Amino acid sequence: MKALQYREIGAAPEVVTVPDPEPGPGQVLLKVTAAGVCHSDIAVMEWPAEGFPYELPLTLGHEGVGTVAALGAGVTGLAEGDAVAVYGPWGCGTCAKCAEGKENYCLRAGDLGILPPGLGAPGSMAEYMLVDDPRHLVPIDGLDPVATVPLTDAGLTPYHAIKRSLPKLVPGSTAVVIGTGGLGHVAIQLLRAMTAARVIALDVSEDKLALARTVGAHEAVLSDAQAAAKVRELTGGLGAQAVFDFVGVEPTVKTAGAVAAVEADVTIVGIGGAGLPVGFGHLPFEVSVSAPYWGSRGELFEVLDLARAGAVSVHTETFSLDEAPLAYERLHAGKINGRAVILPNG
Ligand code: NAD
Ligand code: ZN
Ligand code: ZN
């Protein structure tokens, strides 16, 4: 089969032919319908050789939707042809965090060498992919595969972040979304569907700000050195009760801290690597800063239910598997509005 692989440190990903996978005991083979392109993959492909955490070559793709093509020995509860979304942050399934459905925070994945598809294990940017356990599959039940695939990460990750801050997003509150790309443009819609907060979006390009407005941001502000003052002004000087930074670089975390209200949550989702100092005098009183990772299995069901209710509509741009390297180039250049989705069997 054909697969998109990151093969050599620093090189662009390539479409290559690899052996067809076969499901072992307990595994499920999916024929991949759609695979989402995440900015995290670009970060991975920029990491240096020293300390690089995965084996190469690596088949990319940690957002996947497909149909069940074959069941490994002992797998029950699924049938060939079922349309399913992949829950990506695989855990062991038996530790205390996994028991709560929080496989993203599995206590044993590290020790057991369990890695997510596309981030260590072979991913979804291939004609077929192996899923290690049927519990990592959620039926999409009539949802469109292309519109649904980004929800497994670009939906689930902001959903988890926003859900934690719901008690603070009461009527009259303000939420700030920094970076309105794949994750951010879904975050705006989730905030509108789940809260009465006023949503202020920040990005660096007019195209992205236009998309932010289209998907429901009340205000869209250019992300520059004046952005924090603008947000303060828009909130009568008080700042925002929740700030979600989908970039995570020095200037954006600085802005995030500068627009936080007293007792606000600042959530750094972007993996740009910048930190925000916490300590007396650094931030308004009682601001909480956190950096979460992905979301729980239960939350993925909730996100798909929100989509079924018509509350989120992901803006997608589709590419064939042969065009997948181009999709990454365009994402790197800031030229994807919404989420790029690869159709490996399209
Ligand atoms: P994306 O490229 O689709 O979106 C990023 C957006 O940020 C773009 O619209 C870009 O124009 C904007 N941006 C860049 N610099 C900016 C600045 N200084 N101010 C404001 N906006 C700016 O990327 P994505 O796939 O949505 O991913 C967003 C981030 O989240 C990435 O860092 C990614 O690695 C990370 N991520 C984290 C998790 C997690 O679990 N923590 C999960 C998925 C993605
Ligand atoms: Zn991702
Ligand atoms: Zn576990």
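Since this is a predicted model, take the numbers as computed values, not measurements.

1. Quick word on the pattern of salt bridges
Side-chain pairs of opposite charge can arise whenever the charged atoms involved come near each other.
Now for step 1: In this structure the tally under the stated criterion is 13 salt bridges.
Now for step 2: With a shortest N-O distance of 2.6 Å, Arg135 and Glu103 are connected by a salt bridge. With Arg135 in the loop between strand S7 (128-131) and strand S8 (137-139) and Glu103 in the loop between helix H2 (96-99) and helix H3 (109-112), this pair connects stretches of sequence that are 32 residues apart.
Now for step 3: A salt bridge links Asp265 to Lys168, with the shortest nitrogen-to-oxygen separation between them at 2.6 Å. Taken together, the residues span a long stretch of sequence, with Asp265 in strand S13 (residues 260-268) and Lys168 in the loop between helix H5 (156-165) and strand S9 (174-178) at a distance of 97 residues.
Now for step 4: Taking relative accessible area as the criterion, Lys168 reaches 28% and is therefore assigned partly exposed.

2. Considering the coordination of the zinc ion (ligand 2)
Now for step 1: Every protein donor of the zinc ion (ligand 2) is accounted for by Cys38 (SG), His62 (NE2) and Asp153 (OD), and the metal-donor separations fall at 1.8 to 2.3 Å.
Now for step 2: Taken in chain order, the donor set of the zinc ion (ligand 2) reads C-x23-H-x90-D. One end of the pair, His62, is in the loop between strand S4 (58-59) and strand S5 (63-71); the other, Asp153, is in the loop between helix H4 (145-148) and H5, and 91 residues separate them in sequence. Each member of the pair, His62 as well as Asp153, is classed as buried.

3. Quick notes on the site of ligand 1
Now for step 1: Within the structure, ligand 1 sits among 27 residues, and His39, Ser40, Asp203, Ser223 and Arg339 are positioned closest to it.
Now for step 2: Protein chains shield 87% of the accessible area of ligand 1, which is 860 Å² for the free molecule.
Now for step 3: At the level of elements, helix H1 (39-44), helix H6 (182-194) and strand S10 (198-203) are the ones that each hand at least two residues to the shell around ligand 1.
Now for step 4: Taken together, the residues of the shell around ligand 1 break down into 13 nonpolar, ten polar and four charged.

4. Let's talk about helix H11 (residues 324-332)
Now for step 1: Within H11 the residues assigned to the buried category are Ala324, Pro325, Ala327, Tyr328 and Leu331. The buried residues of H11 occupy one face: seen down the axis, they fall within an arc of 155°.
Now for step 2: Tucked inside the fold, the buried residues of H11 contact strand S1 (2-6), strand S2 (14-17), strand S3 (28-37), H1, strand S15 (316-320) and strand S16 (339-343).
Now for step 3: Immediately downstream of H11, the backbone of Gly334 shows phi near 75°, a positive value.

5. Examining the sheet that holds strand S11 (residues 219-222)
Now for step 1: Within the open sheet, the six strands sit side by side as S11-S10-S9-S12-S13-S14. Their pairing is parallel. Looking at which strands have only one partner, the edges of the open sheet turn out to be S11 and strand S14 (288-290). Pairs of neighbouring strands in the sheet enclose a mean axial angle of 15°, with direction left out of account.

6. Details of the coordination of the zinc ion (ligand 3)
Now for step 1: Distances from the zinc ion (ligand 3) to its protein donors, namely Cys92 (SG), Cys95 (SG), Cys98 (SG) and Cys106 (SG), fall within the range 2.3 to 2.4 Å.
Now for step 2: Each of the four donor atoms bound to the zinc ion (ligand 3) contributes to angles spanning 104 to 117°, and the resulting shape is tetrahedral.
Now for step 3: Read N to C, the donor residues that coordinate the zinc ion (ligand 3) are spaced as C-x2-C-x2-C-x7-C. The same class applies to Cys95 and to Cys98, which are both buried.

7. Section: H6
Now for step 1: Taking 1.5 Å as the rise per residue, H6 with 13 residues should run 18 Å; its terminal C-alpha atoms sit 19 Å apart, in good agreement.
Now for step 2: Counting buried residues along H6, ten of its 13 residues qualify, which places the element largely inside the surrounding structure.
Now for step 3: Along H6, the residues classified as buried are Gly182, Leu183, Gly184, His185, Val186, Ala187, Ile188, Gln189, Leu190 and Leu191.

8. Description of the environment of Arg198
Now for step 1: Within the element layout of this structure, Arg198 appears in strand S10.
Now for step 2: Sequence separation between Arg198 and Asp41 is 157 residues, and the spatial gap between their C-alpha atoms is 31 Å.
Now for step 3: Among the polar contacts made by the side chain of Arg198, one reaches the main-chain carbonyl oxygen of Leu234 at a distance of 2.2 Å.

What counts as what
- Residues numbered from 1 in each chain as written.
- Chains lettered and ligands numbered in written order.
- Predicted model: local features only at pLDDT ≥ 70, side-chain atom pairs only at ≥ 80, totals over all residues.
- Heavy atoms only, no water.
- Salt bridge = Lys/Arg side-chain N within 4 Å of Asp/Glu carboxyl O.
- Helix = DSSP H or I, 4+ residues; strand = E, 2+ residues; numbered from the N terminus.
- Buried < 20%, exposed > 50% of the residue type's maximum accessible area, 1.4 Å probe, protein only.
- Donors = N, O, S within 2.8 Å, 3.2 Å for Na, K, Ca; no water.
- Near = heavy atom within 4 Å.
- Areas by Shrake-Rupley, 256 points an atom, 1.4 Å probe, with all protein chains shown as cover.
- Nonpolar A, V, L, I, M, F, W, Y, C, P; charged D, E, K, R; others polar.
- Arc of directions from axis to C-beta.
- Contact = heavy atoms within 4.5 Å.
- Pairing = 2+ DSSP bridges.
- Axes fitted to C-alpha atoms, helices over the stretch in contact; angles between N-to-C directions.
- Tetrahedral: all angles 85-135°; square planar, octahedral: opposite > 155°, others 65-115°.
- Expected span 1.5 Å × (residues − 1).
- Polar contact = N/O pair within 3.5 Å; in protein donor to acceptor, adjacent residues only side chain to side chain.

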